[in-house]
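Structure assessment
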Amino acid sequence: YCNVTISGAYVVTNKNTGTVTISGTLNGTDAASEWVNSTGTSLVYNNATQPMATGLLTASANPNTVTYNLNAAQSVKGTTYHNLTVSNGNTKTLAGNTSINNALTIATGTTLQSSTFNLTSSGTTSITGTLNDNSATGTNLLAGAVTINAGGTWTTTNNPSFTFRGGITNAG
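Residues numbered from 1 in each chain as written. Predicted model: local features only at pLDDT ≥ 70, side-chain atom pairs only at ≥ 80, totals over all residues. Heavy atoms only, no water.

Time to look at the overall build of the protein chain. Scanning the protein chain for helices and strands turns up zero helices and 21 strands. Since a compact globule built from 172 residues should have a radius of gyration of about 16 Å, the 15 Å found for the protein chain is in line with a globular shape. Across its three principal directions, the C-alpha atoms of the protein chain cover 45 × 30 × 25 Å. When the 172 residues of the protein chain are sorted by exposure, 46% land in the buried category. Within the protein chain, contacts between residues at least 6 apart in sequence are counted, and of these 22% link residues at least 24 apart. (Helix = DSSP H or I, 4+ residues; strand = E, 2+ residues; numbered from the N terminus. Rg over C-alpha atoms; globule rule 2.2 N^0.38 Å. Buried < 20%, exposed > 50% of the residue type's maximum accessible area, 1.4 Å probe, protein only. Contact = heavy atoms within 4.5 Å.)

Given below as structure tokens:
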């Protein structure tokens, strides 16, 4: 799809059991505009502007996946995801506090920048790209197992807060 605009306080629910790819913007015109990724769905977002900059992105249904896949810098909507994947290179920067209930995947050549926001991953975290936090504000809680794969890096500056509850494996 090119641009998807939810006009007004309406809810659009993705029930496609395949993959919906949006290369234009996904946005609302009202704070109550909402995109819902329901059970068994996958949204691939290929635009630099965060999805639903105006409105809500609901992506916590079990299971579903949201993938930020633009081969350029992207803003990642601050919300709760079931599975979150950042891929296809460049830097993906959190635009708000972000929680992942199941799996966080950072693909080869891609950086996830947590910036000044809280990042919470309750499930597994797989890093083949880079997890970076260069801010002393915001907290990073990785409750599940964290694997730094071959080619993966974890970098910090300015002493950000990181808590690892499920252990770290350096498989590189």
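That was the structure; now back to the text.
Reading across from one edge, E9-E11-E13-E16-E19 is the order of the five strands in this open sheet, with parallel pairing throughout. Looking at the sheet topology across the chains shown, the edges are occupied by strand E9 (74–76) and strand E19 (153–156). On average, each strand axis in the sheet is tilted by 20 degrees relative to the strand beside it, whichever way the strands run. Where E9 and strand E11 (residues 90–94) come together, three bridges link them in parallel fashion. Each bridged residue has a counterpart across the sheet, and for Gln74 the counterpart in E11 is Lys92. (Pairing = 2+ DSSP bridges. Axes fitted to C-alpha atoms, helices over the stretch in contact; angles between N-to-C directions.)

Reading across from one edge, E2-E5-E7 is the order of the three strands in this open sheet, with parallel pairing throughout. Of all strands in the sheet, those bounded by a partner on one side alone are strand E2 (11–14) and strand E7 (56–58). If you compare each strand with its neighbour and ignore which way they point, the axes differ by 15 degrees on average. The pairing of E2 with strand E5 (residues 34–37) spans four bridges and is parallel. Note on E5: the bridge partner recorded for Thr13 is Val36.

This paragraph deals with unusual backbone geometry. Of note, the amide linkage connecting Asn62 to Pro63 takes the cis form, showing an omega dihedral of -10 degrees. Turning to its location among the elements, Pro63 is positioned in the loop between E7 and strand E8 (64–68). One non-glycine residue, Met52, lies in the positive phi region at around 55 degrees.

Here we come to the environment of Gly28. As for its position among the elements, Gly28 is in strand E4 (residues 26–28). Taking the C-alpha atoms as reference points, Gly28 and Thr54, separated by 26 residues in sequence, lie 5.1 Å from one another. Leaving out residues up to four positions away in the same chain, Gly28 has contacts with Ile6, Ser33, Met52 and Thr54.

The next thing to look at is the pairing of strand E13 (residues 110–113). Alternating positions in E13 separate into two faces, Thr110 and Leu112 on one and Thr111 and Gln113 on the other, with burial throughout. As judged from the four bridges shared by E11 and E13, these two strands associate in the parallel manner. Looking at the pairing, Asn90 lines up with Thr110 of E13. Across three bridges, E13 lies against strand E16 (residues 130–133) in parallel orientation. Considered in E16, the bridge of Thr111 is made with Thr130.

Take Ser87: it is sitting in the loop between strand E10 (80–86) and E11. Judged by relative accessible area, which is 10%, Ser87 ranks as buried. Within the structure, Ser87 has its side chain in polar contact with the side chain of Asn69 (distance 2.6 Å). Not counting residues up to four positions away in its chain, the partners in contact with Ser87 are Thr67, Tyr68, Asn69, Leu70, Lys92, Ala107 and Thr110. (Polar contact = N/O pair within 3.5 Å; in protein donor to acceptor, adjacent residues only side chain to side chain.)

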